[in-house]
Amino acid sequence: MRQIVLSLLLVLGGAVAAHAQTEPAPAHPSADELSIRWGVETNRVDDGRRFRSSFTIANHGDEALGTTNWALYFNFARSIDPASVTAPVRITRVNGDFYKLTPDENFTPIEPGGQLRVAVEAPGSVIKRVDAPAGFYVVFTDAEGRPRPPAAVSDVTVEPFTRPAQTTRGPDDVWPTPTPATRYADNASLTNRPPGAEGRIVPTPDSIHRRPGTFALRADATIRYEEGLAAEARQLAEGLAAVLGRRPQTTTTDSAAAITLRRAAGTPPATDSASAEAYRLTVDPDTGITVTGATDTGVFYGVQSLEAWLPVEAYRAPSSPVDVPAARVVDAPRFGYRGLHLDVARNFQPVAAVKRLLDVMAFYKLNTFHFHLTDDEGWRLAVEGLPELTRVGGRRGHTLDEHEHLMPSYGSGPSPAPDASAGSGWYSRADYLEILRYAKERHITVLPEIDVPGHARAAIQAMEARARRLRAAGDSAAAHAYRLRDPADTSTYESVQGWDDNVMNVCRPSTYRFLSTVVDELRGLHATAGAPLPAVHVGGDEVPEGVWAGSPMCDDYIARTEGVDGAEDLFGHFLSRFQDTLATRDLTMAGWEEVGLEEADHQSTTTTPNESLVDEGVRPYVWSNIWGGGTEDRAYRLANAGYDVVMSQATNFYFDMAYSKHPGENGYYWAGFVDTNAPFAFVPFDLYKSADRTGMGQPIDPDTAFADQVRLADTARKNIRGLQGQLWGETLRSTDRMEYMAVPRLLSLAERAWARQPGWATLDDSEALRARRAEAWTAFANRLGHRELPRLSSRHPDWSYRLPPPGGTVAKGTLKANVALPGLSVRYTTDGTRPTAASPRYTGPVSVPEGATVRLRTFDTLGRGGRTVTVPTSP
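So, here is what we can say about the structure in this document.

### Looking at a negative patch on the surface
Item 1. On the surface, a cluster of negative charge is contributed by Asp 580, Glu 598, Glu 611, Asp 615 and Glu 616.
Item 2. Note that Asp 580 resides in helix α13 (residues 570–583).
Item 3. Residue classification places Asp 580 among the partly exposed positions, given a relative accessible area of 46%.

This is the structure:
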């Protein structure tokens with residue numbers, strides 16, 4: 001399900017001198033005196049199946065970097081071939097994405113001012129800065145071989161990607177690398193429309209009836225609410241304070257209030273399963289504003305639409321009165337499940353960042369927060385009685401035995417301190433309760449994920465640390481109570497991310513004791529917060545071949561267990577047992593698509609639904625639909641079999657994928673490139689209509705490409721429960737990065753999950769569909785650029801959403817420019833300097849002098865700029 005992420009560590013270390021006790025400590029350059037430069041040489045090794053990259057270690061100190069007594073570590077997102085190394089060094093992978101490089105017998109010192117170039121090869125390709133090795137640090141040892149504290153190497157340079165051999169993934173890759181000119185051409189059809197020409201609310205309501213006149217909303221306005229709606233009234237008052245300059249009063253008695261919040265069962269439209277979220281918003285020039293919801297949730301969503309209906313200019317400069325256009329809005333969502341997934345296991349996000357994300361989710365009416373709390377690289381939830389889960393499993397740093405914390409991953413570096421990198425951190429019970437309560441106030445259900453039995457390395461290592469502690473204390477029985485591995489297991493396997501020890505042993509009774517303890521902790525926390533916990537997401541994905549085959553515990557278990565004939569039967573057996581554990585606690589099981597498949601299909605493109613779990617309420621989240629990959633119909637096969645399915649398709653909803661192929665655009669690309677248009681273009685009941693080209697850019701004819709794929713049965717439409725976007729965390733090394741990857745794609749997801757099926761999606765002629773879809777996207781893009789992103793800047797001034805780089809051309813001395821979201825400002829310079837918020841704003845063709853260096857940059861309303869673009873000039 002996730003991209004293939006492996007990693008490179010270089011450890012240049014040596015033997016201790018024979019008589020170290022009498023020799024002086026070796027002299028070394030410091031970490032500050034070392035630099036590393038990495039670059040891609042070519043992606044065309046072995047006909048494009050492999051790439052070659054090189055890194056250069058330079059010594060800027062006064063001492064030589066000798067043949068012994070030092071080691072250099074880092075992470076790299078690929079699997080290094082040890083035989084390909086060109087320098088006199090040895091490279092071995094420690095585990096996962098952690099490598100070490102040591103000098104061999106031919107290694108010579110790197111003298112002051114000298115450098116060493118190391119070239120390596122690996123499968124696949126690398127085309128982006130984000131692919132570069134990261135987290136470099138050096139460990140020196142003294143004359144007796146005792147390691148000194150690790151020190152980060154901060155002078156690291158990634159060479160630019162400029163040649164086709166660096167920016168193309170192989171002979172089949174025809175996806176163009178964006179340039180200012182190609183962006184200009186792509187944006188040419190996105191006409192800049194007047195700010196008031198497009199809809200005012202995202203996601204688009206079911207119906208809006210404009211009426212003459214406006215209602216003057218004044219600073220002394222009062223909000224009247226029915227009993228039980230105090231939270232909704234309070235949040236509306238806080239939201240209006242940003243436009244009125246003061247917080248309106250709230251009351252349950254004032255009949256002359258400007259705004260009224262009330263419930264009314266049967267609020268139209270209320271004819272489907274989503275009716276509990278229905279609302280009606282009425283703005284009357286004489287009597288004021290009324291929000292009527294079928295339930296509290298409906299009232300809440302009506303409040304969000306009221307705030308969206310206000311003039312966007314009001315958010316920029318609070319004033320009174322605010323003229324609210326008269327209208328009647330009647331609305332309900334298309335899908336009852338509208339989710340966003342956040343992975344905090346790979347890289348941690350603090351409580352404040354999670355709450356900010358929940359704010360934006362709520363405003364755009366997403367109602368489920370899928371909280372990916374555990375994985376191989378981190379366990380992020382404190383569990384009472386199991387302190388090692390966070391003390392060991394929640395921290396990453398330099399270690400060779402992982403007794404105190406996990407090894408570095410994803411460039412997290414040498415320090416295990418939570419404030420040192422996003423590799424370390426966890427939520428205390430109080431933190432998790434704070435998040436639950438915050439989500440509940442915003443009518444968002446938190447769905448926690450405890451990823452098992454694979455992706456469990458953090459838990460496994462933590463419980464080994466617990467066992468060591470208790471054995472040392474003489475309590476052998478307690479030491480084994482929660483162990484998750486068979487110490488005699490000789491199974492050989494490798495996960496997609498390169499781990500060889502990341503799968504729980506499902507034959508140990510202690511594994512189920514552990515899982516029951518964690519589930520009970522979650523139940524207790526949700527109960528304390530008064531927050532719903534209808535299900536637990538158990539992951540269930542990417543269990544590699546070969547697990548448990550060499551486990552004596554499993555050999556014994558298989559011999560004793562009816563219906564389990566070999567290691568290949570253990571995964572399904574485990575799911576059934578865990579499902580029973582959840583069922584006895586009135587919980588249902590959610591999981592990635594593997595939980596709904598027969599085990600033989602986990603590593604293949606075939607799809608055989610696991611019939612034994614269809615009637616158990618198990619909910620698969622289907623992600624695998626890479627265009628041309630052969631599993632595009634997996635969601636429909638599972639839905640047709642009777643499973644309730646959440647569509648989480650990688651090609652449209654994996655927000656860890658890069659927005660574009662540009663080398664400077666962060667994110668992975670194994671599923672293709674996911675721009676802001678991709679979620680908008682998704683057709684849930686006929687997803688093949690969403691396909692334009694493969695991940696390599698080859699054009700797709702949806703009329704013929706999917707002729708053999710299964711279609712969704714009409715009777716199974718009810719089994720498509722909703723849509724979900726995924727923020728996988730491998731590259732989310734900061735909150736800014738997380739917010740950049742989330743928005744504006746989150747808004748397109750919200751539109752497709754809430755709004756009724758658009759007319760273009762019903763067309764069978766693919767050419768006509770694409771033309772109508774392009775028209776609809778132009779309107780939506782204008783809405784984002786003119787209204788939604790400026791409003792987001794006002795409501796959350798420090799939110800780091802993505803500003804799309806401009807397109808531009810210079811021909812015959814004239815600059816022409818545009819932007820993918822019309823309404824955002826583009827500023828330019830002609831002297832080669834980087835544009836600022838004070839630079840001239842592009843409003844039409846500009847004459848530029850001969851020999852000028854033209855640079856462009858997109859800005860938001862607060863003056864924050866995006867990536868700078870240099871436009872080539874021509875005669």
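### Side note on the sheet that holds strand β2 (residues 50–59)
Item 1. Strand order in this open sheet of 4 strands is β6-β2-β1-β9, and the pairing throughout is mixed. Of all strands in the sheet, those with a lone pairing partner are β6 (115–123) and β9 (155–158), marking the two edges. Here the average twist between neighbouring strands, direction ignored, is 20 degrees.
Item 2. As judged from the 4 bridges shared by strand β1 (residues 34–45) and β9, these two strands associate in the parallel manner. Each residue of the ladder has a partner; that of Ser 35, found in β9, is Asp 155.

### Concerning the sheet that holds strand β29 (residues 825–829)
Item 1. Reading across from one edge, β29-β31-β32 is the order of the 3 strands in this open sheet, with antiparallel pairing throughout. The outermost strands of the open sheet, each flanked by one partner alone, are β29 and β32 (869–871). Between one strand axis and the next, the sheet turns through 30 degrees on average, direction left out of account.
Item 2. Here strand β31 (residues 854–859) runs beside β32; their pairing, made up of 3 bridges, is antiparallel.

### So, the environment of Arg 396
Item 1. Here Arg 396 is to be found in the loop between α7 (388–391) and α8 (429–441).
Item 2. Sequence separation of Arg 396 and Met 657 is 261 residues, and the distance between their C-alpha atoms is 25 Å.
Item 3. From its side chain, Arg 396 meets the backbone oxygen of Ser 409 in a polar contact 3.1 Å long.

### Overview of the state of the cysteines
Note on terminology: a disulfide is the covalent bond linking the sulfur atoms of two cysteines.
Item 1. Across all of its chains, the model carries 1 disulfide by this definition.
Item 2. In this model, Cys 507 is linked to Cys 554 through a disulfide, with the two sulfur atoms separated by 2.2 Å. Where Cys 507 bonds to Cys 554 through sulfur, the torsion about that S-S bond is close to 105 degrees, and the disulfide is right-handed. Taken together, the residues Cys 507 in the loop between α10 (476–479) and α11 (509–529) and Cys 554 in helix α12 (residues 552–560) connect sequence positions 47 residues apart. For the residue pair Cys 507 and Cys 554, the accessibility class agrees, reading buried in each case.

### With respect to the environment of Tyr 654
Item 1. With respect to the helices and strands, the residue Tyr 654 is situated in the loop between α15 (650–653) and α16 (677–680).
Item 2. For Tyr 654, a relative accessible area of 0% corresponds to the buried category.
Item 3. The spatial distance from the C-alpha of Tyr 654 to the C-alpha of Phe 673 is 9.3 Å, given a sequence separation of 19 residues.

### A short note on helix α3 (residues 230–244)
Item 1. With 15 residues, α3 extends 20 Å between its outermost C-alpha atoms, agreeing within 8% with the 21 Å of an ideal straight helix rising 1.5 Å per residue.
Item 2. One or two positions beyond α3, positive phi appears at Gly 245, with a value near 85 degrees.

### Overview of the pairing of strand β28 (residues 814–818)
Item 1. In this sheet, β28 lies alongside strand β27 (residues 807–811) in antiparallel orientation, the contact comprising 5 bridges. Within the sheet, the bridge partner assigned to Ala 811 lies in β28 and is Thr 814.
Item 2. Counting the residues in the hairpin turn of β27 and β28 gives 2 residues, including Lys 812, whose phi is positive at 55 degrees.

### Details of the packing of helix α19 (residues 745–754) against helix α20 (residues 766–795)
Item 1. Put simply, α19 and α20 touch, their axes get as near as 12 Å, and they point 125 degrees apart. What the angle tells us is that α19 and α20 run oblique. Crossing hand, α19 versus α20: right-handed. Taken together, the residues of α20 that come into contact with α19 (itself represented by Leu 747, Ser 748 and Glu 751) are Trp 777, Phe 780, Arg 783, Leu 784 and Glu 788.

### As for the environment of Met 463
Item 1. Mapped onto the elements, Met 463 comes out in helix α9 (residues 457–472).
Item 2. On a C-alpha basis, the gap between Met 463 and Tyr 482 in space is 6.4 Å, while along the polypeptide they are 19 residues apart.
Item 3. Beyond its immediate stretch of four places on either side in the chain, Met 463 contacts Leu 386, Glu 388, Leu 389, Tyr 482, Arg 483, Leu 484 and Phe 514.

Rules of the game
Residues numbered from 1 in each chain as written. Predicted model: local features only at pLDDT ≥ 70, side-chain atom pairs only at ≥ 80, totals over all residues. Heavy atoms only, no water. Patch = residues over 30% accessible without salt bridge, like charges linked within 9 Å, V, L, I, M, F, W, Y side chains within 5 Å. Areas by Shrake-Rupley, 256 points an atom, 1.4 Å probe, with all protein chains shown as cover. Salt bridge = Lys/Arg side-chain N within 4 Å of Asp/Glu carboxyl O. Lys, Arg positive; Asp, Glu negative; His and termini not counted. Charge placed at Lys NZ, Arg CZ, Asp CG, Glu CD. Helix = DSSP H or I, 4+ residues; strand = E, 2+ residues; numbered from the N terminus. Buried < 20%, exposed > 50% of the residue type's maximum accessible area, 1.4 Å probe, protein only. Pairing = 2+ DSSP bridges. Axes fitted to C-alpha atoms, helices over the stretch in contact; angles between N-to-C directions. Polar contact = N/O pair within 3.5 Å; in protein donor to acceptor, adjacent residues only side chain to side chain. Disulfide = S-S within 2.5 Å. Expected span 1.5 Å × (residues − 1). Parallel < 35°, antiparallel > 145°, perpendicular 65-115°, else oblique. Left-handed = near helix turned anticlockwise from the far one by under 90°. Contact = heavy atoms within 4.5 Å.

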